[in-house]
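Letter by letter, the chains look like this.
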Amino acid sequence: MTRYVLFRAGQAVLVLWAAFTAAYVLLRLLPGDSILIKFQNPELGLSPQQIAEIRAHYDGGASALATYLDTLSGFLRGSLGYSIDTGTPVTERLAEALPETAKLASAGFGLAVLIAVAIAFGAASSRSSWIRGALLSVPALFVSVPVFWLGILLIQVFSFRLGLVPVIGGSAAQQLILPVLTLAVPISAPIAQVLARAVDQVRAQPFVPVVAAKGASRQWILWRHVARNATLPALTMAGLVFGELIAGSVVTETVFGRNGIGRLTEQAVNAQDTPVMLAVVVLAAVVFVLVNLVVDLLYPVLDPRLKAAP
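Given the structure is predicted, the values throughout are model-derived calculations rather than measurements. (Residues numbered from 1 in each chain as written. Predicted model: local features only at pLDDT ≥ 70, side-chain atom pairs only at ≥ 80, totals over all residues. Heavy atoms only, no water.)

This part takes up the overall build of the protein. Across its full length, the protein carries 14 helices and 0 strands. Starting at the N terminus, the α and β elements of the protein follow one another as α-α-α-α-α-α-α-α-α-α-α-α-α-α. Taking all contacts inside the protein whose residues are at least 6 apart in sequence as the whole, residues at least 24 apart take part in 74%. Accessible surface, the protein as shown: approximately 17,100 Å² in total, 66% of it carbon and sulfur. (Helix = DSSP H or I, 4+ residues; strand = E, 2+ residues; numbered from the N terminus. Contact = heavy atoms within 4.5 Å. Areas by Shrake-Rupley, 256 points an atom, 1.4 Å probe, with all protein chains shown as cover.)

Here we take up the layout of surface pockets. Quantified by volume, the second largest pocket comes out at close to 180 Å³. Surrounding the second largest pocket, Leu16, Trp17, Phe20, Leu72, Phe75, Leu76, Val282 and Val286 form its lining. Mapped by element, the contributors of at least two residues to the lining of the second largest pocket are α1 (2-28), α4 (64-77) and α14 (274-302). Taken together, the residues of the lining of the second largest pocket sort by class into 8 nonpolar, no polar and no charged. (1 Å grid on protein atoms, 1.4 Å probe; cavity = no way out; pocket = protein on both sides within 12 Å on 5 of 7 lines; lining within 4 Å. Points joined across faces, edges and corners; volume = space filled by probe spheres on them. Nonpolar A, V, L, I, M, F, W, Y, C, P; charged D, E, K, R; others polar.)

What follows is about the pattern of salt bridges. Scanning the entire structure with this criterion turns up 5 salt bridges. Here Arg93 makes a salt bridge to Asp273, at a shortest N to O gap of 3.6 Å. Pair noted here: Arg93 is in helix α5 (residues 90-125) and Asp273 is in the loop between α13 (261-271) and α14, with a separation of 180 residues, a long-range link. On the basis of relative accessibility, which here comes to 12%, the residue Arg93 falls in the buried class. As a salt-bridge pair, Glu100 and Arg258 come within 2.7 Å of each other at their nearest N and O atoms. Taken as a pair, Glu100 in helix α5 and Arg258 in the loop between α12 (245-256) and α13 lie far apart in primary sequence, 158 residues in all. (Salt bridge = Lys/Arg side-chain N within 4 Å of Asp/Glu carboxyl O. Buried < 20%, exposed > 50% of the residue type's maximum accessible area, 1.4 Å probe, protein only.)

Moving on: a nonpolar patch on the surface. Taken together, the side chains of Phe148, Trp149, Ile152, Leu153, Val157, Leu162, Leu164 and Val251 make up a nonpolar region of the molecular surface, amounting to roughly 720 Å² of accessible area. The topology assignment puts Val251 in helix α12. Exposure remark for Val251: the relative accessible area of 32% places this residue in the partly exposed category. (Patch = residues over 30% accessible without salt bridge, like charges linked within 9 Å, V, L, I, M, F, W, Y side chains within 5 Å.)

Turning next to the nonpolar core. Generally speaking, a soluble globular protein has its nonpolar side chains buried in company with each other. Counting residues in each nonpolar core, the largest one holds 27 residues, and the members touching the most others are Phe142, Leu178 and Leu245. Mapped onto this core, the elements with two or more residues apiece are α5, α7 (147-161), α8 (172-203), α11 (231-242) and α12. No other element matches α8, which puts 10 residues into this core. If you look at the next biggest cluster of nonpolar residues, it comprises 21 residues, including Tyr24, Leu80, Val276 and Met277. (Core = buried A, V, L, I, M, F, W, Y, C linked by side-chain atoms within 4.5 Å.)

Bringing the environment of Val15 into the picture now. Here Val15 lies in helix α1. Expressed as a C-alpha distance, the spacing of Val15 and Val289, which sit 274 residues apart in the sequence, is 7.5 Å.

This part takes up the side chain of Thr265. Mapped onto the elements of the fold, Thr265 is located in helix α13. Accessibility expressed as a relative area gives 16% for Thr265, which makes it buried.

This brings us to α7. When the terminal C-alpha atoms of α7 are compared, their 20 Å separation across 15 residues agrees well with the 21 Å that a helix rising 1.5 Å per residue should span. Along α7, the residues classified as buried are Leu150, Gly151, Leu154, Ile155 and Ser159. Positioned one or two residues after α7, Gly163 has a phi angle of 65°, which is positive. (Expected span 1.5 Å × (residues − 1).)

The next subject is the packing of α5 against α13. Direction vectors running N to C along α5 and α13 enclose 135°, while the axes themselves pass 7 Å from each other. Classed by the angle they form, the pair α5 and α13 counts as oblique. Here Arg93, Leu94, Ala97, Leu98 and Thr101 of α5 lie close against α13, whose contacting residues are Ile261, Gly262, Leu264 and Gln267. In terms of residue class, the contact of α5 with α13 is built from 5 nonpolar, 3 polar and 1 charged. (Axes fitted to C-alpha atoms, helices over the stretch in contact; angles between N-to-C directions. Parallel < 35°, antiparallel > 145°, perpendicular 65-115°, else oblique.)

Within this structure's numbering, the places UniProt gives as "transmembrane region" (unreviewed entry) are residues 12-30, 104-123, 135-156, 234-256 and 276-299. Helix makes up 91% of residues 135-156 and strand 0%, and the two end C-alpha atoms of the span are 26 Å apart. Across residues 276-299, helical content stands at 100% and strand content at 0%; the span's end C-alpha atoms are separated by 35 Å. (UniProt positions renumbered as here; feature names shortened; annotations may be inferred.)

Shown next, in the form of structure tokens:
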């Protein structure tokens with residue numbers, strides 16, 4: 001088990017390093033000059049020499065390799081540099097935006113899991129082929145709906161038409177309802193599809209008729225025996241989609257005007273604020289890797305047969 005944990009942790013470190021390096025190189029290759037975009041405004045009254053000094057402050061005037069190593073060293077120490085747009089430390093901007101995104105992402109993921117479980121086990125429990133087919137077609141519909149369109153539709157229907165959920169004003173809980181629903185619907189689709197397929201595969205196993213022959217009811221077999229054995233594939237998919245929550249929050253927070261990581265990313269892209277963009281990419285990679293590392297470590301707990309795996 002120790003060897004398995006060390007192997008997975010080593011893989012996680014390599015993935016994070018690769019994500020940082022790829023993001024750093026791609027951001028360096030972006031056309032345009034973020035320093036000039038910010039500081040060449042005539043209203044600021046900065047001379048070319050002053051602009052050159054500002055650029056030297058951000059890249060140190062060193063070679064590309066030296067700048068890369070210095071930036072990597074800073075990230076390892078928890079120093080993410082300074083925002084070109086505001087001049088404040090990137091860590092402060094992330095700390096201000098992260099709580100809102102964390103609330104939205106956790107609530108959206110929880111709702112997505114509930115929707116997926118309801119669809120998969122609703123289809124498995126139904127004796128009507130028509131209802132089962134209708135439920136199994138829902139994930140395909142969910143995954144094909146654009147997030148921005150869904151958010152606008154929910155605002156139009158539930159806020160403007162029905163007046164049930166206020167978009168402006170209202171309590172913090174009310175302001176979360178529509179963004180959480182917008183985020184949860186598309187990410188629930190792959191979890192529901194994988195879970196429904198896993199349930200069907202487990203129900204086809206030989207032990208199911210044996211348990212039924214002992215007098216167990218259909219629902220008892222489904223929830224007591226089938227559900228646990230169908231968890232692993234769905235857990236894998238849940239870990240993958242959880243890592244996409246930050247990407248999904250960019251659109252959702254923009255549509256609903258929420259000040260989170262998504263809104264911060266939009267502002268950084270518009271201003272070509274590369275230190276902030278790099279920090280957001282690394283943050284998304286860290287979340288993705290950590291969640292999937294936890295999922296990997298849960299496998300042997302949920303399935304004892306995997307404890308002997310390397």
